[in-house]
Each structure stands twice: as structure tokens, then as C-alpha cells.
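Coordinate inspection notes
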Amino acid sequence: MVKLSDYEPIVGPQVMEELKLLSKNLAGKKVIHVNSTSVGGGVAEILDRMVPLMNELGLETRWEVIKGGEAFYAVTKKIHNALHGAPQGLEESEYEIFLDVQEENLKAMRFDGDVIFIHDPQPVGLVKARKSLGNRWIWRCHVDVSSPHPGVWNFLKAYVEQYDKSVFSAPLFSQKLSIPQALICPSIDPLSEKNREMSGEEIDGIMSRLKIPLDKPLVTQVSRFDRLKDPVGVIRAFKQARKYREARLLLVGGTADDDPEGAQVLLETRQAAGNDPDVLILSLPPTSHLEINAIQRVSTVILQKSLKEGFGLTITEALWKGKPVIAGAVGGIPLQIAHKYSGILTHSVEGTAYWLKQLLQDPSYATKLGENGREHVRQNFLLTRHIRDYLLLFLSLDYPGQSAVAL
Ligand code: UDP
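The rules behind these values
Residues numbered from 1 in each chain as written. Predicted model: local features only at pLDDT ≥ 70, side-chain atom pairs only at ≥ 80, totals over all residues. Heavy atoms only, no water. Helix = DSSP H or I, 4+ residues; strand = E, 2+ residues; numbered from the N terminus. Buried < 20%, exposed > 50% of the residue type's maximum accessible area, 1.4 Å probe, protein only. Contact = heavy atoms within 4.5 Å. Areas by Shrake-Rupley, 256 points an atom, 1.4 Å probe, with all protein chains shown as cover. Lys, Arg positive; Asp, Glu negative; His and termini not counted. Charge placed at Lys NZ, Arg CZ, Asp CG, Glu CD. Right-handed = clockwise from strand over helix to strand, strands pointing away. Pairing = 2+ DSSP bridges. Near = heavy atom within 4 Å. Polar contact = N/O pair within 3.5 Å; in protein donor to acceptor, adjacent residues only side chain to side chain. Patch = residues over 30% accessible without salt bridge, like charges linked within 9 Å, V, L, I, M, F, W, Y side chains within 5 Å. Salt bridge = Lys/Arg side-chain N within 4 Å of Asp/Glu carboxyl O. Axes fitted to C-alpha atoms, helices over the stretch in contact; angles between N-to-C directions. Expected span 1.5 Å × (residues − 1). Arc of directions from axis to C-beta. 1 Å grid on protein atoms, 1.4 Å probe; cavity = no way out; pocket = protein on both sides within 12 Å on 5 of 7 lines; lining within 4 Å. Points joined across faces, edges and corners; volume = space filled by probe spheres on them. Nonpolar A, V, L, I, M, F, W, Y, C, P; charged D, E, K, R; others polar. Phe/Tyr/Trp six-rings, centres within 6.5 Å; stacked < 30°, edge-to-face > 60°.

Our focus in this paragraph is the overall build of the chain. Each helix and strand counted, the chain has 16 helices and 12 strands in total. Counting only C-alpha atoms, the chain reaches 70 × 50 × 35 Å along its principal axes. Taking all 407 residues of the chain together, the buried fraction comes to 53%. Sequence separation of at least 24 residues holds for 71% of the intrachain contacts in the chain that already meet a minimum separation of 6. Total accessible area on the chain is roughly 18400 Å²; 52% of this is exposed by carbon and sulfur atoms. In the chain, the 47 positive side-chain charges and the 49 negative ones have mean positions that sit 4 Å from each other.

Looking now at the pairing of strand 1 (residues 30-35). With five of its six residues buried, strand 1 lies for the most part within the structure. Between strand 1 and its parallel partner strand 2 (residues 60-65), the chain crosses via helix 3 (residues 42-56), and the hand of that crossover is right-handed. When strand 1 meets strand 3 (residues 115-119), the two strands line up parallel, connected through four bridges. Note that in strand 3 the partner of V34 across the bridge is I118.

Turning to the site of the ligand, a few remarks are in order. The ligand sits among 13 residues. The nearest are R224, K229, G253, G254 and E317. K229 places a polar side-chain atom, nitrogen or oxygen, 2.8 Å from an oxygen atom of the ligand. In the model, an oxygen atom of the ligand is placed 2.4 Å from a nitrogen or oxygen of the E317 side chain. Counting residues per element, the ones that place at least two in the shell around the ligand are strand 8 (248-254) and helix 12 (313-320).

Turning our eyes to something else, we now look at a nonpolar patch on the surface. On the surface, a cluster of nonpolar side chains totalling about 230 Å² of accessible area is made up of L21, V405 and L407. Within the fold, L407 resides in the segment after helix 16 (383-398). In this structure L407 comes out as partly exposed when scored by relative accessible area, which is 46%.

Glancing now at the pattern of salt bridges. Throughout the structure, instances matching the rule amount to 30 salt bridges. Here D112 ties to R62 by a salt bridge, and the two come within 3.0 Å at their closest N and O atoms. Residue D112 is located in the loop between helix 5 (92-108) and strand 3, and its partner R62 is located in strand 2; the two are separated by 50 residues in the primary sequence. On the basis of relative accessibility, which here comes to 28%, the residue R62 falls in the partly exposed class. The closest approach of N and O atoms between K368 and E371, which form a salt bridge, is 3.6 Å. Here the residue K368 and the residue E371 both occupy positions in helix 15 (residues 363-380), the gap between them amounting to three residues, near one helical turn. A relative accessible area of 44% places K368 in the partly exposed class. What makes E371 partly exposed here is its relative accessible area of 44%. Beyond isolated ion pairs, a larger network of salt bridges with shared partners links D215, K216, R242, E246, R248, D276 and D278.

This part takes up the sheet that holds strand 1. The six strands are arranged 2-1-3-4-5-6 in an open sheet whose pairing can be described as parallel. In the strand order of this sheet, the two ends are held by strand 2 and strand 6 (181-183), each with one partner. Each strand of the sheet is rotated relative to its neighbour by a mean of 20°, with strand direction disregarded. With five bridges connecting them, strand 3 and strand 4 (residues 136-140) associate as parallel partners. Paired with F117 across the bridge in strand 4 is I138. Set on the sheet, helix 3 makes contact with strand 1, strand 2 and strand 3; between it and strand 2 the angle comes to about 155°.

Its 14 residues place the ends of helix 4 (residues 70-83) 20 Å apart at the C-alpha level, agreeing with the 20 Å of an ideal helix rising 1.5 Å per residue. If you check which residues of helix 4 are buried, you get F72, V75, T76, I79, A82 and L83. Projected onto a plane normal to the axis of helix 4, the buried residues spread over an arc of 115° and lie on a single side. Every exposed residue of helix 4 that faces more than 90 degrees away from the buried side is listed here: E70 and K77. The inward-facing, buried residues of helix 4 contact helix 5 and helix 7 (150-160). Just past helix 4, the residue G85 takes up positive phi, approximately 100°.

On to the layout of surface pockets, then. In this structure, the second largest pocket encloses a volume near 240 Å³. Residue lining of the second largest pocket: K165, A182, D389, L392, L393, L395, S396, Q402, S403, A404, V405 and L407, and that is the complete set. With five residues, the top contributor of residues to the lining of the second largest pocket is helix 16. When grouped by side-chain class, the residues that make up the lining of the second largest pocket number seven nonpolar, three polar and two charged.

Attention shifts here to the packing of aromatic side chains. Following the criterion strictly, the structure yields 13 aromatic pairs and no others. Measuring from ring centre to ring centre gives 4.4 Å for Y95 and F155, while their planes differ by 45°; the resulting arrangement is tilted. Placement of Y95 in helix 5 and of F155 in helix 7 is noted, with a sequence separation of 60 residues between them. What makes Y95 buried here is its relative accessible area of 12%. Their ring planes at 50° and their centres at 5.2 Å tell us that F111 and W137 sit as a pair that is tilted. Of the two residues, F111 is situated in the loop between helix 5 and strand 3 and W137 in strand 4; the sequence distance between them amounts to 26 residues. According to the relative accessible area criterion, F111 is buried, its value standing at 7%.

This part takes up empty space enclosed by the protein. Picture a little ball the size of a water molecule; that probe, rolled over the atoms, points out where space is still empty. Under the counting rule described, the total for this entry stands at one cavity of 30 Å³ or more. Along its surface, the largest cavity is lined by Q221, S223, R224, F225, D226, P231, L251 and V252. In terms of residue class, the lining of the largest cavity is made up of four nonpolar, two polar and two charged.

Structure, rendered in C-alpha cells:
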């Protein structure tokens, strides 16, 4: 099991001291995290690592998962899409399914913590238990709700406003609310399979298994096959830049069996690639963390030519590996990339092609961007920073309305 001290060589002693100081002031506090799945997805991944570390820091932390059937998850999927701006709302019967599951879980669960930390919309209605308990409740939104379906958002908002505090991942993802909001960026775990250091031998083994040749500079985009990730734009930009510099393009995405649109986008991507031997398209199962890690590590330049983006964790991952990244200036990407300092921000196929050509021609500039990017991630987007922000958040619950607290 990973221990807190394993992070010290990565983030330095000062960060560890800070975590200890903050947690000393929270010793013995009981925190219960609640979400809707124990495996799969970014929230479960983070909680899996964070909960044992919080316990090590002296906060009695437990993680519970609500129970719901197929019909409930069909409804919550619709809610998720509606929060992302999908035009269709929910039927009355669907709201009923949602509320019934909240009631069932309210009966089955115990909220005997000082802080109840509810993640995302699925368990939002559990806040009903707060009145009789008098403990503190936080709603952590991992979704971009900047332009939600108004009906669905208003339904959720009535619950959200019963919490003590809400947390969003970036200013641009939040909504106006009557309760205080905290802004806490997501993070990556530098010790996970996706991000841990790898030996050259281990990387080579994976490259030969995946049949990825390394005889030319490798330009990579890791993304679901989704139009908003613009894989076709990536191919067009690559083909322009390659006129000036030899290189190979690798598009890595998930399998798209259960997603008809994904399959369509994959087809369009293959068509755009044509029979170009220097454009490789690779479909990997969702558990391929080590493979993604190795691919990011052997890449010369990483692209993320998104047209719309959430926070953009693929960028965090690539920067952490010290890679020069060229990315669309959308969503959370500008929080991670300062243009021409910790990477390159672009707005078009032509811009991407231009910068790709520049970085391929000037490896020392590319290296500098990557180094700055890695440092930026070290300071801002690693798991330890995420834990620190949660500790500060818990402390702030005991001092409502105060802007400074002496510890
Ligand atoms: N990812 C993966 N396999 C793939 C494509 C993506 O494991 O084939 C991972 C990627 O490494 C990152 C996450 O999925 O950790 C994608 O997160 P991001 O925020 O970049 O985009 P999203 O897919 O959530 O829009």
C-alpha cells in the first residue's frame, strides 16, 4: 500500500509538513465520502488513493457507495448529459426513480461523520439527512455545469443549496449558488500506474508488444474518439507539419463498442488517415494505464487539440512526464498551460501545424516547455495538493465567514 512518505521525494518536505500541520488541527474528525461507484472513473480513482492517506493523516475517513439499479443509472446518465448541455430534460417518472433511490439509500446508510462529502449529482439528495444530524455537508461537483439544461439544473440546485459548501473544479465550471463555493482543481497521482516512473526496459517491452516503431519522432494524442477532441483536425495539422520534418503520428483512444458516436468518429479518423503509413491509430482497453504511461513517455510532442474540454487530465499526465504539449485553448487547459512557457496553446489546425513544426525543429525549446510544464504540475496538480485543499476546506467549515485562521 502506498504511504504518505512515498510522496515526499516527489513533492518535497515542505508539502508534507504542511499536510501534517493542517491535519493536526483536524485530528479525529470523521469524514464520510459518498459517490456512486467504487471502480471506474476519475472520482473512484482519486478516492481509492486519497482515503487511506487521509486516515494516515489522522482523519477517520470512510468511503461509501450508494446503491441503485439499472433504471437509476439510466436516469443519472441522462442527468450527466443534461448538465453538459444536452437539450433533453427528464420525465416526471425519471425524477421519481431518482428520488426513490435517494430514499432507499437514506434508510440504508449512516451519516455518523463530522463531514459528509457527497460527490457528483447521483447521491445529491442524501442531504435530506442533514437537518436532523447537524453535521457539515459538502457537495463536490466534478462535472462542468457551466451551461446545463435549466430544468435539470434547477432540480439539482434545490438540493445543492441545502449543503454547507459546494466545490467545483474550476471557476468556469461553476454556477451561481446561495451557498459558499470552493474551487479545487483535480489532480493526478504520481505513483499510479498511469503516472509512475518506468524503466527504459519496461517501456521498450510495451512498445514492441504494441508494435509502435520509434525510428521517427513520435507525435501523440491520447483521447476518446470524440469530435470534441478533434482527431481529424489532429491528422490535418500533422500532415501539414510533416512536410517540413519527418515524424509519426499516434492517435490512442479507447474501444468504442458501446458508443455508436465513438465508432463513427473512429471511422472518420481512419478515413482522414487514409493509407498513410506514418499515421497510427490504436484502440486500447480502458485498463491500459501502464501502456498510456509508456506511450506518453516515448512521445516527442503531445497534442490535445480539443475544441471543448473539461479539465483535461491527459494534459496533466503529459506535462508530468516532462513532455512539450500543444493543446487547444479551451476548458481547463489554460490553467495548465501558460502559452510559450509550460506548453503551447492553439486555436486552429494551422496554428497547431505551425507549432508542431516549430517544436519538432527546436528540441531544446520543446524540452524547456516540458520541464516548465512538469514543474507547474508538481506545484499545482498532484494528489498531495488535492489533499491539502480538502484539509483546508474541512478547516474552513469550522470557521464560516472568516478569511484567515491562525493554526
Ligand atoms: N484515457 C485512457 N485511454 C484512452 C483515452 C483516454 O486511459 O484510450 C485516459 C487518459 O489518460 C485520461 C482520461 O482517460 O486519464 C481522460 O481524461 P480527460 O480529462 O483528458 O478527458 P475526458 O475523456 O474526461 O474528456
